[in-house]
Each structure stands twice: as structure tokens, then as C-alpha cells.
Amino acid sequence: MRIVVTGREGQVVRSLVERGKGGAFEIVPLGRPDLDLAGSGDAMVSAIESARPDIVVSAAAYTQVDKAEHDRELAYAINEVGPRTIAQAAHRLGVPLIHLSTDYVFDGNKHSPYVETDVTGPTSVYGESKLAGEQAVLAQHENSAVLRTAWVYSPFGANFVKTMLRLARDRDEVEVVADQRGNPSSALDIADGILVVAANMVGDDNSDQRGIFHMTSNGEASWAEFAEAIFEASAEVGGPAVRVKHIRTADYPTAARRPPNSRLDSGKLFRIHGVRLPNWRASTKDVVERVVRMTDQES
Ligand SMILES: NC(=O)c1ccc[n+]([C@@H]2O[C@H](COP(=O)([O-])OP(=O)(O)OC[C@H]3O[C@@H](n4cnc5c(N)ncnc54)[C@H](OP(=O)(O)O)[C@@H]3O)[C@@H](O)[C@H]2O)c1
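Calculation criteria
Residues numbered from 1 in each chain as written. Predicted model: local features only at pLDDT ≥ 70, side-chain atom pairs only at ≥ 80, totals over all residues. Heavy atoms only, no water. Helix = DSSP H or I, 4+ residues; strand = E, 2+ residues; numbered from the N terminus. Rg over C-alpha atoms; globule rule 2.2 N^0.38 Å. Contact = heavy atoms within 4.5 Å. Areas by Shrake-Rupley, 256 points an atom, 1.4 Å probe, with all protein chains shown as cover. Lys, Arg positive; Asp, Glu negative; His and termini not counted. Charge placed at Lys NZ, Arg CZ, Asp CG, Glu CD. Expected span 1.5 Å × (residues − 1). Buried < 20%, exposed > 50% of the residue type's maximum accessible area, 1.4 Å probe, protein only. Near = heavy atom within 4 Å. Polar contact = N/O pair within 3.5 Å; in protein donor to acceptor, adjacent residues only side chain to side chain. Nonpolar A, V, L, I, M, F, W, Y, C, P; charged D, E, K, R; others polar.

Chemist: Summarise the overall build of the protein; cite the residues concerned and give the values.
Modeler: Counting secondary structure elements, the protein contains 10 helices and 12 strands. Computed over C-alpha atoms, the radius of gyration of the protein comes to 19 Å, within 12% of the 19 Å expected from 2.2 N^0.38 for 299 residues, which places it in the range of a compact globule. The principal-axis extents of the C-alpha atoms in the protein amount to approximately 55 × 40 × 40 Å. Taking all contacts inside the protein whose residues are at least 6 apart in sequence as the whole, residues at least 24 apart take part in 83%. Counting only carbon and sulfur atoms, one obtains 47% of the accessible surface of the protein, whose full area is about 13100 Å². Between the averaged position of the 33 positive side-chain charges in the protein and that of its 41 negative side-chain charges there is a distance of 1 Å.

Chemist: Which residues make up helix α8 (residues 223-236), and what values go with them?
Modeler: With 14 residues, α8 should reach 20 Å at 1.5 Å per residue; the first-to-last C-alpha distance of 20 Å fits that figure. Along α8, the residues classified as buried are Trp223, Ala224, Phe226, Ala227, Ala229, Ile230, Phe231, Ala233 and Ser234. Taken together, the buried residues of α8 touch β6 (152-153), α6 (160-167), β7 (173-177), β11 (221-222), β12 (243-247) and α10 (280-298). Taken from the residues just after α8, Gly238 is the one with a positive phi, measuring 80°.

Chemist: Go over the site of the ligand, please, and point to the residues and values.
Modeler: The environment of the ligand is formed by 26 residues, the closest being Glu9, Asp36, Thr63, Tyr126 and Lys130. At 3.4 Å, a backbone N or O of Leu100 approaches an oxygen atom of the ligand. For the ligand, the accessible surface in isolation is 910 Å², of which the surrounding protein chains cover 84%. Only α1 (11-20), β4 (97-102) and α5 (125-140) provide two or more residues apiece to the shell around the ligand. Among the elements that line the shell around the ligand, the one with the most residues is β4, at 3 residues. The residue inventory of the shell around the ligand, partitioned by class, reads 13 nonpolar, 7 polar and 6 charged.

Have a look at this one:
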């Protein structure tokens, strides 16, 4: 099965390439300059068509949450207009589409994990543009599954795990927000989940398998608890580990407002697609070990 995925160096793209190796899937990353989500629609459609997908995974996005507050036009171009065109291309080809989205479509004021039918209410330009992207994709192409994930980390690119380990190399303590809760999700686990959903969708046109799904790791944490787990795992393999000072969101002002409750309920994904991602602590350990080893090799 040929899976064409948008982007090249993104965490989820690289995880799909790694997890797809040697299996029944051929993963074809398609990114700039061949496919630019902010570029011409015709060029995007022809790039997708030339790649001859059995299914398309739309993983590329404008993901700089704070920068998006001052870069609205480009965030919408990449997160809404581009995915709409990708959905049109998949529709023309008659192939299914998996589109990735985010917990930031919610305002975070609910007191329990969000389900797919909960009312959305993004509090940032990034969240608004991703919500617009979900709606555009579903309106263009019924044969689509939107997978909302959250707090993504991996051995690739820039993410919270790598930031924490970098900061710990030259200080004794890091201050980390303790009043936002979510589900830290490994991009490698997300990739495994996407491969199952892709196989289900290619093999079956059941409409239950289409629509919106939440796909995050099992278990929850605050950013501060996540940081503590990172340093615990790092210490076990001789990597950097420092104290974590719990602070409030109000003590760490950012351009974009983050939801205090980012927790997603991924039960529907298990019921319909049979996918349940592992507990975040085990996956954090694996990723931290890889990052510590990579950093040791580089120095
Ligand atoms: N990161 C998170 O914490 C998080 C949380 C919730 C949801 N998500 C969603 O999950 C998906 C994957 O996220 P990620 O963490 O893998 O993202 P990432 O590591 O930030 O990578 C972003 C990807 O988008 C590509 N891209 C950006 N602008 C583009 C453009 N104009 N044309 C083509 N490609 C472009 C990048 O291209 P290059 O390969 O050229 O760099 C890269 O491959 C996204 O839809 C994101 O919104 C992420």
C-alpha cells in the first residue's frame, strides 16, 4: 500500500517513514519544494496525483503556535487552504485521506477529557486555523478521517523532550507549567496508529471509519510531570537530569493562550479502528533514551 504523506522533516512524517520500513506500506513523503501548502493549488494537486497514492496522510502544518498569532495569513494558508486542496486531490483520485489535527481546537475549560462531539472553541490563531482545516477537509471529501492528537514528541525535529534535555545541560532547575494537563503523545506511536487506520480505510468503505477521532497516548500529565518523567528516564541512561519547579501558566506568558485542559478521550478510535496508543510514560522512556544516545554521539 502506497501512503503519500505531506511534509518531509516533520515529527509524524519521519516517524511514519521509520515505522513503515520493511512492512506492507510504502511511505512516500511529499514536501517542499514539490508540494508547498502555501503555494499554487494546481501544483499541489499535480504533485499528489503524480505520487500515485492508495491513501493520503495530511501531516504537514504550520505548527509554531506562538508565531501564528502574528502570522495569521500564512497559518490559514498552510492549515486550512492547503489541506482543502489536498482533500480535493484525494477526492479526484478516489482515495481516502487521513488529516491530522490538534487538541487546541478546544478552549480547555471542560473538567474531563474531550470527546469528538464536544463543542470546539479555539483560543489561538493556530487552533482556529487547524479547526478551519478540519472543516475544509471533511466538507471536500467524505472519505476522510481527521485524527486529533496532542503534545507530540519524538527523536526528530523540535519538541518538549528535546528542549528539556537541552536546558538541563546548563542549569540546575527548569521552571515548567503545572496547571495545563494533557496526553503527551509519541509521534512513533501516532505513526503506528495511522498505519492501522490507513489499512482499515483502504480495505473498507464503512462510513463509521470516517469523521473525527481523537488519537493520543494513554494516560495524562501536566507539563511539569512530563518534564519530571523525562529527567527520570534520562538519569537512568546517564543523561542530564535537573529539578523541576512547578509554575503557573500566568507565570510563563506566551503570545498564544493554551487550553488548561488538553486531555482527549481516544475511546472512539479504539472502538471503531481497534487502535489504542501505549501509555505515555513507556514511550517517553524510549524517546528520551534515543535522544540522549544521539546527543552523546554528536558530542
Ligand atoms: N507538534 C505537536 O505538539 C502537535 C500537537 C497536536 C497536533 N499536531 C498536528 O500533528 C501534525 C504533525 O505535527 P508534527 O509535530 O509532525 O509537525 P512538525 O514536526 O512541526 O512538522 C511540520 C511539517 O509541516 C511541513 N510544512 C510546514 N509548512 C509547509 C508548507 N508550506 N508546505 C509543505 N509542508 C510544510 C514541514 O515541512 P518540512 O519537512 O519542509 O520542514 C514539516 O514536515 C500537524 O498537523 C500538527 O498540527 C501537532
